[in-house]
Amino acid sequence: MKLKVAGILSMLGGIIFGLFLFYALFDSQIKSTKGFFEWLYFLITSISIVFYVIRTNFGKKVYSEIEKIDQENNLLKLKIEQNELLQKLDKEEKNTNSKN
């Protein structure tokens, strides 16, 4: 949910910034070529923000099959490790209870 909100805010910011730059460009607030290239840099930045947000579906990452398998393997390793630690803890509790 946070990624979607961040994606929407980024997209809106990119669109608003791009519209502002178009307004500045056509309102002739840019007097020199240096100023034009500075504004063009910001325009390219705002367009790339919009394209990035659209390409990632507003922050929803799509995993490839290999990434999914790696994620599942890591989850299984963690579950196995958790079970081993729980078994150790149970054995230690039984040993302490039997000594008392």
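Residues numbered from 1 in each chain as written. Predicted model: local features only at pLDDT ≥ 70, side-chain atom pairs only at ≥ 80, totals over all residues. Heavy atoms only, no water.

Caption draft 1: Summary view of the overall build of the chain. The secondary structure content of the chain amounts to 3 helices and 0 strands. Of the regular secondary structure in the chain, the N- to C-terminal order runs α-α-α. Each of the 100 residues in the chain was classed as buried or not, and the buried ones make up 12%. Contacts spanning at least 24 positions in sequence make up 62% of the contacts within the chain whose residues lie at least 6 apart. Element-wise, carbon and sulfur atoms account for 64% of the exposed surface of the chain, whose accessible area totals about 9000 Å². (Helix = DSSP H or I, 4+ residues; strand = E, 2+ residues; numbered from the N terminus. Buried < 20%, exposed > 50% of the residue type's maximum accessible area, 1.4 Å probe, protein only. Contact = heavy atoms within 4.5 Å. Areas by Shrake-Rupley, 256 points an atom, 1.4 Å probe, with all protein chains shown as cover.)

Caption draft 2: How the structure looks around helix H2 (residues 33–55). Here H2 spans 32 Å end to end across 23 residues, near enough to the 33 Å set by a 1.5 Å rise per residue. Looking one or two residues past H2, asparagine 57 carries a phi angle of roughly 55°, positive in sign. (Expected span 1.5 Å × (residues − 1).)

Caption draft 3: Quick look at a nonpolar patch on the surface. On the surface, Ile15, Leu19, Phe22, Leu25, Phe26, Phe36 and Phe37 cluster together into a nonpolar patch covering about 710 Å² of accessible area. Elements that contribute at least two residues to the nonpolar patch include exactly helix H1 (2–26) and H2. Per-element tally for the nonpolar patch: the top contributor is H1, with 5 residues. Mapped onto the elements of the fold, phenylalanine 36 is located in helix H2. For phenylalanine 36, a relative accessible area of 35% corresponds to the partly exposed category. (Patch = residues over 30% accessible without salt bridge, like charges linked within 9 Å, V, L, I, M, F, W, Y side chains within 5 Å. Salt bridge = Lys/Arg side-chain N within 4 Å of Asp/Glu carboxyl O.)

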